[in-house]
Amino acid sequence: MHKTLVAVALLASALAAQAQEIKIGFVNLDRVLRDAAAAKTAQAKLESEFTRREKELSDGEGRLKTASDRLEKDAATLGETERLRRQRELVEQDRDLQRKRREFQEDLNQRKNEELSAVLDRANRVVKQIFDQEKFDLIVQEAVFASPKVDITDKVIKAMNAGSGK
C-alpha cells in the first residue's frame, strides 16, 4: 500500500512538473479582424468598391417611392388603363430593384469572404511564426475564458501591422 502511494505521489509530481512546462497561447480572432491594419485596409477597400452601387440602389429606391407616392396621389384622377400601366411599371421597377439588391448583396458577401480569407490566412501565418519562434506547445483561437497571461492577440496584431507573415 505504501509503495502504491509513493508511486502515485511521484507520478502526480512528475505530471505537475510537466504541466508547468507547457506553453499555451490564446488569440482573440475577433480583435485581430477588427484591429489589425490588414483588416482595416480590407474593410476600406470593400467600402470604396461597393459605395457607388449602394448609392445607386438607394437612389433607385427613392425614385420608386416617389413614383409610388405620385401614383397614389394621382390614382383618383387617372383613367383605368393609365393607372394599370403605371402600376405595372412600378411592379417591374420594384422587381428590377430587388434583383439588383440581391446581386449587390451576393457580390458584397463574396468579396467580404475573399478579403476575410486573405486576412485570416495572414493572421494564421503570423500565429504559426510566433508559435515556432517562441516555442509554444498550444495556441488556441477560441476559448470560454483566457487569462491575460496567455493572450497573445496584441503580439499577433503588432506582427501583422509590422508586415510579418506575408
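Residues numbered from 1 in each chain as written. Predicted model: local features only at pLDDT ≥ 70, side-chain atom pairs only at ≥ 80, totals over all residues. Heavy atoms only, no water.

Undergrad: If you had to explain the environment of Q87 to someone new, which residues and values would you point to?
TA: Along the chain, Q87 turns up in helix 4 (residues 80-133). A residue is classified by how much of its surface remains accessible, and Q87, at 33% relative accessible area, is partly exposed. The sequence separation of Q87 and E72 amounts to 15 residues, and the corresponding C-alpha distance is 9.8 Å. (Helix = DSSP H or I, 4+ residues; strand = E, 2+ residues; numbered from the N terminus. Buried < 20%, exposed > 50% of the residue type's maximum accessible area, 1.4 Å probe, protein only.)

Undergrad: Explain unusual backbone geometry to me, using residue names and the numbers behind them.
TA: Positive phi outside glycine occurs at K135, with the angle close to 55°. Along the chain, K135 falls in the loop between helix 4 and strand 2 (138-140).

Undergrad: Go over the layout of surface pockets, please, and point to the residues and values.
TA: What the largest pocket holds in volume is close to 260 Å³. Taken together, R53, E56, L57, G60, R63, L64, Q93, D96, L97, K100, E103 and F104 make up the full set of residues lining the largest pocket. For the lining of the largest pocket, the secondary structure elements donating two or more residues are helix 3 (37-74) and helix 4. Grouping the constituent residues of the lining of the largest pocket by class yields four nonpolar, two polar and six charged. Of the pockets and cavities examined, the second largest pocket occupies roughly 160 Å³. Every residue along the wall of the second largest pocket is listed here: L33, A39, A42, Q43, L46, K112, E115, L116 and V119. Secondary-structure elements contributing two or more residues to the lining of the second largest pocket are helix 3 and helix 4. Across the lining of the second largest pocket, the residue classes tally to six nonpolar, one polar and two charged. (1 Å grid on protein atoms, 1.4 Å probe; cavity = no way out; pocket = protein on both sides within 12 Å on 5 of 7 lines; lining within 4 Å. Points joined across faces, edges and corners; volume = space filled by probe spheres on them. Nonpolar A, V, L, I, M, F, W, Y, C, P; charged D, E, K, R; others polar.)

Undergrad: Describe the packing of helix 3 against helix 4, with residues and values.
TA: Geometrically, a packed helix pair is captured by the angle between its two axes and the distance between the axes. Contact pair helix 3 / helix 4: the axes reach a minimum separation of 10 Å and the direction vectors enclose 170°. Comparing their axes, helix 4 and helix 3 come out roughly antiparallel. In terms of residue class, the contact of helix 3 with helix 4 is made up of 14 nonpolar, four polar and 18 charged. (Axes fitted to C-alpha atoms, helices over the stretch in contact; angles between N-to-C directions. Parallel < 35°, antiparallel > 145°, perpendicular 65-115°, else oblique.)

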